[in-house]
Structure formats: C-alpha cells, structure tokens
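Chain residues, written in single-letter form:
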Amino acid sequence: MSETRRLQVVRGRVECTTGEAVPIDRCGFCVHSARVVVKGKEVPSPARAYCSRCRDAERVDMGTVEAVVCDDLSGEGFRSITNVIS
C-alpha cells in the first residue's frame, strides 16, 4: 500500500498544503483524496470512487467527513479529478 497522510477536518477545512486550509468539499474532487473518514470508518473518497468506476459506492456527504486519507506526499495540493477523467 502506498504512503498516505491523514488530514483532520477542522471547521469544514483541511490543511492539504503547509499553511493552506481548503474547504473539505474540494477533497471530493481531488485526485489525491484516496479515502474519507465518516463516523470513524474509512470509505472511498467521491473522487476515487468515480475514477475507479465504483458506481455502487455510497454517496458521501462531505459535510460529515472527519478526516481525509490523502496520498499527496509531494505537496502538490489540490488537483481536480476532472483533469484525469476528461
């Protein structure tokens, strides 16, 4: 399994790059968002579920996400999944 970071959601935001907190909604569209934590359980992020064609994955209300399991180890920050699937 690849290395990841676990980003805690604080007041609806995550610090995806040093010193930059972004709205949690962006993680639902980010290629680096591997999984999200809801009620203590890790589930596929909306971006990964869509990209991997897991159409049967449950819809995630990003407002209920407690943490994001992020595979961005280089510090790139947000990169839209639409750039990958288009």
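Not measured: the values here are computed from a predicted model. (Residues numbered from 1 in each chain as written. Predicted model: local features only at pLDDT ≥ 70, side-chain atom pairs only at ≥ 80, totals over all residues. Heavy atoms only, no water.)

Undergrad: Which parts of the structure should I look at to understand the pairing of strand S2 (residues 13-17)?
TA: Where S2 lies against strand S3 (residues 20-23), four bridges are found, and the strand directions are antiparallel. For Glu-15, the partnering residue across the bridge sits in S3 and is Ala-21. Here S2 folds back onto S3, and the loop between the two strands holds two residues, one of which, Gly-19, carries a positive phi near 80°. (Pairing = 2+ DSSP bridges. Helix = DSSP H or I, 4+ residues; strand = E, 2+ residues; numbered from the N terminus.)

Undergrad: What should I look at first to understand the pattern of salt bridges in this one?
TA: Pairing between side chains of opposite charge can happen when their charged atoms approach one another. Under the definition given, this model contains three salt bridges. Between Glu-42 and Arg-6 there is a salt bridge, and its shortest N-O distance comes to 3.0 Å. Linking Glu-42 in strand S5 (residues 41-44) with Arg-6 in strand S1 (residues 5-8), this pair joins segments that are 36 residues apart in sequence. Glu-42 is paired through a salt bridge with Arg-35; the nearest N and O atoms lie 2.6 Å apart. In the salt-bridge network here, residues are joined through shared partners; they are Arg-6, Arg-35 and Glu-42. (Salt bridge = Lys/Arg side-chain N within 4 Å of Asp/Glu carboxyl O.)

Undergrad: Looking at this structure, how should I read the packing of aromatic side chains?
TA: Two descriptors summarise a pair of aromatic rings, namely the distance from one centre to the other and the angle between the planes of the rings. The full count for this structure, using the stated rule, is zero aromatic pairs. Geometry around Phe-78 places Arg-26 over its ring, the cationic atom sitting 4.0 Å from the centre. (Phe/Tyr/Trp six-rings, centres within 6.5 Å; stacked < 30°, edge-to-face > 60°. Lys NZ or Arg CZ within 6 Å of the ring centre and 35° of its normal.)

Undergrad: I tried to follow unusual backbone geometry on my own but got confused; where do I start?
TA: Generally, phi is negative for residues other than glycine and the peptide bonds are trans, each holding for most cases. For Arg-11, which is not glycine, the phi torsion reads 50° and is therefore positive. With respect to the secondary-structure elements, Arg-11 resides in the loop between S1 and S2. On the basis of relative accessible area, Arg-11 is assigned to the exposed category, the value being 78%. One non-glycine residue with positive phi stands out, namely Lys-39, at about 55°. Inspection of the secondary structure puts Lys-39 in the loop between strand S4 (33-38) and S5. (Buried < 20%, exposed > 50% of the residue type's maximum accessible area, 1.4 Å probe, protein only.)

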